[in-house]
Amino acid sequence: MDTILCCPLCTRLRTPADARGLDWSSHHGPGGPVYVCGPCTRAHLVDLECGLLDPARRVPAAGQVPAPARRAA
């Protein structure tokens, strides 16, 4: 299993059972593979596939403006 034990976007823990399953997506960063949980992968699919969001850095890719933070009602 990788050294990052949680989703870099939501901090959901990655268990050994998750490592055997297909729910998590992998992205290759400078420090090795980074795994994003299924819900975050589905929520940010376009951003991840287009390179607008780099989960290895946990921030939007260079030149991109981060989305405004959501506030509780």
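Treat the numbers as computed from the prediction; the structure is a model and nothing was measured.

**Overview of the pattern of salt bridges**
So, point 1. Tallied over the full model, the rule gives one salt bridge.
So, point 2. In this structure, Asp23 and Arg42 form a salt bridge, with 3.7 Å as the shortest nitrogen-oxygen distance. A residue pair is termed long-range when its members are at least 10 positions apart, and Asp23 in the loop between helix 1 (16-20) and strand 1 (25-29) and Arg42 in helix 2 (residues 38-43) qualify at 19 residues.
So, point 3. Overall, Asp23 belongs to the partly exposed group, its relative accessible area being 41%.
So, point 4. The exposure class of Arg42 is exposed, given its relative accessible area of 58%.

**Overview of the pairing of strand 1**
So, point 1. The pairing of strand 1 with strand 2 (residues 32-36) spans five bridges and is classified as antiparallel. Note on strand 2: the bridge partner recorded for His27 is Val34.
So, point 2. Joining the antiparallel neighbours strand 1 and strand 2 is a turn of two residues.

So, how was this worked out
- Residues numbered from 1 in each chain as written.
- Predicted model: local features only at pLDDT ≥ 70, side-chain atom pairs only at ≥ 80, totals over all residues.
- Heavy atoms only, no water.
- Salt bridge = Lys/Arg side-chain N within 4 Å of Asp/Glu carboxyl O.
- Helix = DSSP H or I, 4+ residues; strand = E, 2+ residues; numbered from the N terminus.
- Buried < 20%, exposed > 50% of the residue type's maximum accessible area, 1.4 Å probe, protein only.
- Pairing = 2+ DSSP bridges.

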